[in-house]
Amino acid sequence: MENQRIAVIGAGQMGSGIAQVAAEAGYRVILHDIAPDFVRNGMSRIDKALSSQVQKGKIDEEKKRGVLSRIQGTVSYDEARDASLIVEAVFEDADVKTKIFSALDEICRPETVFATNTSSIQVTRLAASVKRADRFIGIHFFNPPQVMRLVEIIPGLKTSPETVLQARQFVQSLKKESVLAKDVPGFLVNRINAALRLEAYNCLLEGVASVEDIDKALKLALGHPMGPFELADFVGLDVGLNVLKTLHDGYKDPKWRPSLLLEKLVLSGDLGRKTGKGWYDYTSGQKTPRTDVQF
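Bear in mind that the values here come from a model prediction, so they are computed numbers and not experimental data.

Asker: Sorry, what's going on with the overall build of the protein here?
Answerer: In terms of helices and strands, the protein carries 11 helices and 10 strands. In terms of its C-alpha atoms, the protein occupies a principal-axis envelope of roughly 55 × 45 × 35 Å. For the protein, the residues scored as buried account for 48% of the 295 residues in total. Pairs at least 24 residues apart make up 63% of the contacts formed inside the protein by residues separated by at least 6 positions. Counting 39 positive and 37 negative side-chain charges, the protein places the averaged centre of each group 2 Å from the other.

Asker: Looking at this model, I keep getting lost on the packing of helix α7 (residues 189–205) against helix α8 (residues 211–222). Mind explaining?
Answerer: In the contact formed by α7 and α8, the axes pass within 10 Å of each other and the chain directions differ by 140°. By the criterion of interaxial angle, the relationship of α7 to α8 is oblique. Of the two possible hands of crossing, α7 and α8 adopt the one that is right-handed. Across from L196, A200, C203 and L204 in α7, the residues of α8 making contact are V211, I214 and L218. Here the residues of the contact of α7 with α8 sort into 7 nonpolar, no polar and no charged.

Asker: Explain the pairing of strand β8 (residues 177–180) here, please?
Answerer: A regular strand places its side chains so that they alternate between the two faces of the sheet. Sheet analysis places strand β7 (residues 150–155) next to β8, joined by 4 bridges and oriented parallel. What sits directly across from L150, in β8, is E177.

Asker: Would you mind going over the packing of aromatic side chains with me for this structure?
Answerer: Two aromatic rings are characterised by how far apart their centres lie and by the angle between their planes. Applying the stated criterion to the full structure yields 8 aromatic pairs. Taking the centre distance of 5.5 Å and the plane angle of 45° together, the rings of Y201 and F229 count as tilted. You can see Y201 sitting in helix α7 and its partner F229 sitting in helix α9 (residues 228–235), a full 28 residues away along the chain. By relative accessible area, which is 2% here, Y201 ends up buried. We classify F229 as buried; its relative accessible area is 0%. Members of the aromatic cluster, each reached through a chain of ring pairs, are Y201, F229, W279 and F295. The lysine or arginine in question, R132, covers the ring of F114, its NZ or CZ lying 4.3 Å from the ring centre. Sitting over the ring of Y280, K287 keeps its end group 4.7 Å from the ring centre.

Asker: What is the right way to read the sheet that holds strand β5 (residues 113–116) from this model?
Answerer: Strand pairing in a sheet is mediated by backbone hydrogen bonds. Such pairs are either parallel or antiparallel. With respect to topology, 8 strands assemble into an open sheet ordered β3-β2-β1-β4-β5-β6-β7-β8, the strand pairing being mixed. What marks the edges here is a single partner per strand, and that holds for β3 (71–74) and β8. Neighbour to neighbour, the strand axes of the sheet diverge by 25° on average, direction disregarded. Across 4 bridges, strand β4 (residues 85–88) lies against β5 in parallel orientation. Within β5, the position partnered with I86 by the bridge is F114.

Quick notes on the rules
- Residues numbered from 1 in each chain as written.
- Predicted model: local features only at pLDDT ≥ 70, side-chain atom pairs only at ≥ 80, totals over all residues.
- Heavy atoms only, no water.
- Helix = DSSP H or I, 4+ residues; strand = E, 2+ residues; numbered from the N terminus.
- Buried < 20%, exposed > 50% of the residue type's maximum accessible area, 1.4 Å probe, protein only.
- Contact = heavy atoms within 4.5 Å.
- Lys, Arg positive; Asp, Glu negative; His and termini not counted.
- Charge placed at Lys NZ, Arg CZ, Asp CG, Glu CD.
- Axes fitted to C-alpha atoms, helices over the stretch in contact; angles between N-to-C directions.
- Parallel < 35°, antiparallel > 145°, perpendicular 65-115°, else oblique.
- Left-handed = near helix turned anticlockwise from the far one by under 90°.
- Nonpolar A, V, L, I, M, F, W, Y, C, P; charged D, E, K, R; others polar.
- Pairing = 2+ DSSP bridges.
- Phe/Tyr/Trp six-rings, centres within 6.5 Å; stacked < 30°, edge-to-face > 60°.
- Lys NZ or Arg CZ within 6 Å of the ring centre and 35° of its normal.

So yeah, pure geometry; function would need other evidence.
Right, dumping it as structure tokens:
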């Protein structure tokens, strides 16, 4: 494992988190994105996360330097040609993902395993873009990857048993737990979570309770660390909306129809923490109820 190289495609919040976890486990990691600024932002995010661990006494400066030394940022796919595993972690757009895998399929070794971190797009659909469908699999981390212990393993229609075993061994090497899920829209966790979140949106729309009280109720009554609206803001409302659209398109069932309130927020550009406003207002540096809109 010490000399094993993996490549993470996408240096955003998920990609940088996966790269950090892999480097902490001893892998040499290629962190790729389409522009130098995106790569620098990803590396900065990792540096900040590791510095936080140093401040909390979880690791020392030497450990931090060692982790950072195992991550190489790049804007070229060529750096990934010798990787034993590719983990794609870009935004939820099937066309973008298939273009990435098609390009990598031309340069990577035949034995390289391709994995997608998609949260809802069917793995078989993405695997059709490459000549190695038997070595293509879903490895779905949860946000933030540094903290969340669970990883979903999703075989596509043609994924080989050997590839499933490799994926589970990779997850285990990161000191995480895995569950095996069928290749259906939303897989397991996001399918259940989307249903819960939609019902929370319906309760808000019907005036059953406020955003704040719904979050409070689910945290205190069900033991959730974050309420559905807090979690939606943390992940990104645009990401949540794309998941619901994928479920609605995949199952053709009206129960998965995206919330109109959610669609309005996304259309307005209020996407959660990353834009300063979502279901809550974060512009003061703290999470506060919104006073500029009526839900």
